[in-house]
Amino acid sequence: MLLCGLGTTLGVVAHLVLRSARDPAEETALLLGTVALSAGLAEYLALSGPVVCALAGVVLANLPLHGRAAFPRTLRDVERPLYLVFLLVVGAWWQPGAWQAWVLAAAYLGARVAGKWLAAHLAVRLSPELPAPNVLVRFLVPQGPVAVLVMAAAATLHGGAPPAPILWAIHAVVVGVLATEVLVHVHRRRGLRAREAA
Amino acid sequence: MIRDVVLLGVLVALVRGARSFLPPGATVTGSGAALAMGFVVLAALYTGRIFHRLRLPHLTGFLLCGMVLGPQVSGLLTDAMLHDLSLVKRVAVGLIVLVAGCELNVRALRPRLRRIGLLASGGMVVAWLLLFVFFWLALPMLPPTALLATSLAATAFPGFGGSDGNALVGLATHLGGSVVAGAGLGLLLSLYVSRVGRRIGLFVFALLFTVAEAGIAIHLDPLLVGLTAGLVVENASPVDGSRVVRETEPATVPVFALFFGVIGAEVHLDHFVAMAGLAVTAAMMRATGFFVGTQVGGRLAGVEPLLVRRVPFGMIPQAGVALALADLLAGSSQPWAQGLAPLVFGTIVVNELVGPVLFRAALVRAGEVGGRPADEPLPPDDTEERELASVPP
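Summary of the structure given here. (Residues numbered from 1 in each chain as written. Chains lettered and ligands numbered in written order. Predicted model: local features only at pLDDT ≥ 70, side-chain atom pairs only at ≥ 80, totals over all residues. Heavy atoms only, no water.)

### Here we look at the interface of chain B and chain A
So, step 1. Between chain B and chain A, the contact holds 31 residues from the first and 32 residues from the second.
So, step 2. Between chain B and chain A lies a buried interface of about 2800 Å² when both sides are counted; carbon and sulfur atoms form 73% of it.
So, step 3. Where chain B packs against chain A, one counts 1 salt bridge.
So, step 4. We note a salt bridge from Glu26(A) to Arg49(B), for which the minimum N-O separation is 2.8 Å.
So, step 5. The interface formed by chain B and chain A includes 5 residue pairs in polar contact (both at pLDDT 80 or more).
So, step 6. Here the side of chain B that touches chain A takes 9 residues from helix α2 (residues 33-53) of chain B, the largest share from any one element.
So, step 7. Across the side of chain B that touches chain A, the residue classes tally to 22 nonpolar, 5 polar and 4 charged. (Contact = heavy atoms within 4.5 Å. Buried area = accessible area lost by both parts, 1.4 Å probe. Salt bridge = Lys/Arg side-chain N within 4 Å of Asp/Glu carboxyl O. Polar contact = N/O pair within 3.5 Å; in protein donor to acceptor, adjacent residues only side chain to side chain. Helix = DSSP H or I, 4+ residues; strand = E, 2+ residues; numbered from the N terminus. Nonpolar A, V, L, I, M, F, W, Y, C, P; charged D, E, K, R; others polar.)

### Some details on the packing of helix α2 (residues 24-44) of chain A against helix α4 (residues 71-93) of chain A
Residue and element names in this part refer to chain A.
So, step 1. Across the interface, α2 lies against α4 with an axial gap of 10 Å and an inter-helix angle of 55°. Of the possible angle classes, the one that applies to α2 and α4 is oblique. The two elements α2 and α4 meet at a crossing, and its hand is right-handed. On α4, the residues that touch Glu-27, Thr-28, Leu-31 and Leu-32 of α2 are Phe-71, Thr-74, Leu-75, Val-78 and Leu-82.
So, step 2. Residues of the contact of α2 with α4, tallied by class, amount to 6 nonpolar, 2 polar and 1 charged. (Axes fitted to C-alpha atoms, helices over the stretch in contact; angles between N-to-C directions. Parallel < 35°, antiparallel > 145°, perpendicular 65-115°, else oblique. Left-handed = near helix turned anticlockwise from the far one by under 90°.)

### Some points on the nonpolar core
One recurring pattern in soluble globular proteins is that nonpolar side chains are buried together.
So, step 1. Counting residues in hydrophobic clusters, the biggest one holds 109 residues, and the most contacted among them are Leu37(A), Phe39(B) and Leu77(B).
So, step 2. Per-element tally for this core: the top contributor is α2(B), with 12 residues.
So, step 3. The contact partners of Leu77(B), leaving out residues within four places of it in the chain, are Arg19(B), Ala36(B), Phe39(B), Val40(B), Leu69(B), Gly70(B), Pro71(B), Leu82(B) and Ala265(B).
So, step 4. Grouped together as the second largest cluster of nonpolar side chains are 13 residues, Val90(A), Met151(A), Leu167(A) and Ile170(A) included. (Core = buried A, V, L, I, M, F, W, Y, C linked by side-chain atoms within 4.5 Å. Buried < 20%, exposed > 50% of the residue type's maximum accessible area, 1.4 Å probe, protein only.)

### Focus on the environment of Val99(B)
All names here are of chain B.
So, step 1. Mapped onto the secondary structure, Val-99 falls in helix α5 (residues 86-102).
So, step 2. Judged by its relative accessible area of 14%, Val-99 falls in the buried class.
So, step 3. Through-space distance from the C-alpha of Val-99 to that of Gly-226 is 8.3 Å; in sequence the pair is 127 residues apart.
So, step 4. Apart from residues no more than four positions distant in its own chain, Val-99 is found in contact with Val-245 and Thr-248.

### Examining the pattern of salt bridges
So, step 1. Counted by the stated rule, this structure contains 3 salt bridges over all chains.
So, step 2. Residues participating in the shared-partner salt-bridge network are Arg22(A), Glu26(A), Asp4(B) and Arg49(B).

### A closer look at the packing of aromatic side chains
Aromatic ring pairs: the centre-centre distance and the angle between the two ring planes describe each pair.
Residue and element names in this part refer to chain B.
So, step 1. One pass over the full model with this rule turns up 4 aromatic pairs over all chains.
So, step 2. Seen in terms of ring centroids, Trp-128 and Phe-132 are 5.4 Å apart; in terms of plane orientation they differ by 20°. Their pairing is stacked. Linking Trp-128 with Phe-132, this pair stays in helix α7 (residues 113-138), spanning 4 residues, or about one helical turn.
So, step 3. In this structure Phe-132 comes out as partly exposed when scored by relative accessible area, which is 45%. (Phe/Tyr/Trp six-rings, centres within 6.5 Å; stacked < 30°, edge-to-face > 60°.)

It is worth stressing that arrangement in space is one thing and function is another; only the former is reported here.
Structural data, given as structure tokens:
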């Protein structure tokens, strides 16, 4: 309840704040301030930062921002550097030394690929107009940043020293991202080669 | 303006509401530095806008906003939050001086360098002499509590202070190392700008964060590093410093708002009030020094008397670099520096409150802004540009 209330309130506040921007530089500053405030409030109240910010984003996106046509561009301009910094922070947390982390990564990756493979076959059986399962699985397997984000958010809840299981989970997710990227590329190349041979 | 006041009120109510969930001083996760960061940026920006409407400097608004939100007044920002924002503060110091360095083109100034040099050095030497005598006399008068002043202590100059009995060597290494690192950084930045030329702002921030963080470990001063880097980019490389300034501009607004807000929040109000009289006197001594010194320098340089009368008004405002230097003073381990820091902060605040107003009045009288006709009219609403232009000393 607190989560929804805070997310919605912050979305409305973000809307009011961003509507008051007078130029692109101020818009960037207000956007950064709003994002930091939203994430900071969530962290301060020990709530999930990604969920609160996502709710605020949904509210913001669905309220009219008249005369702010450049806002999506500002959002993209701000997102990229923050994303890079985020990846840097996650990289700093990545501790590939523990064997438990590798076991968890293998289990996570196996479960994820198997789940996506099963889902692709099931989906094709239910809707035959979909592409072949081997093609479909290639689109389903790559992992977005949300999983990494959720683990990073869990780590921040413990301040500067997250416990070992969270560090193992970060490792599993990071390995999952990297491995699925490699798997998809290998699979795609094989597919291309097979098509050329045919 | 009403809208800005209302939004500021909404933000304060939101943060106060969130803070009410936990007892004072208690935290669940971390210190709440992210909350403080977003809150200070937004609140300082809105206060700056309100001050702009009142024809007062933005920076004064940022400082007062921090002071009101800080631990001494409303307590919305705690000491732990401010402590965790010290990295951002160091990055801001680096950015302020880097921008200042990038704007100082010696080649462009060369034709008027002698006149500028004589005017500026005349003003600075006399002001320095007067202030030296004043501070010398004022030091014993400082309240004893001032010796415990400021929560800024021990963030800069770690290890410096002569604990190993070789303070001069330490100082030389610190200053020399910072200048050398700054020159290297400037070359690296110019190489990046000329070869890569993309996402320059991001690269600058990455460099400044590295300097701010590594500077603690290897005793580098972000102020000297940033200033040297900016000067090297503008004067010793083919890269145009204004490009770096332009590319970093979108990020400078929140960084400056945060920096000045945090500085304001860190000011100990009781010490500040106790020293208000001394601070006003110091500001007056400084202004007198500028007036007397520029008269002498102007006469030596052969500058028109009317211009000489107006130049000191442009020298009175103080802002970023002066505050950054005062912050270093507060961080010094010397006991006299601890006592003097609130007085220097107070003097800067007085200059910051009065200086831009006097400067604008001088510009209006010179016909460069306002209703009077002028040869080269400036935009009517340029207080902020003037203010930021005065950021170097």
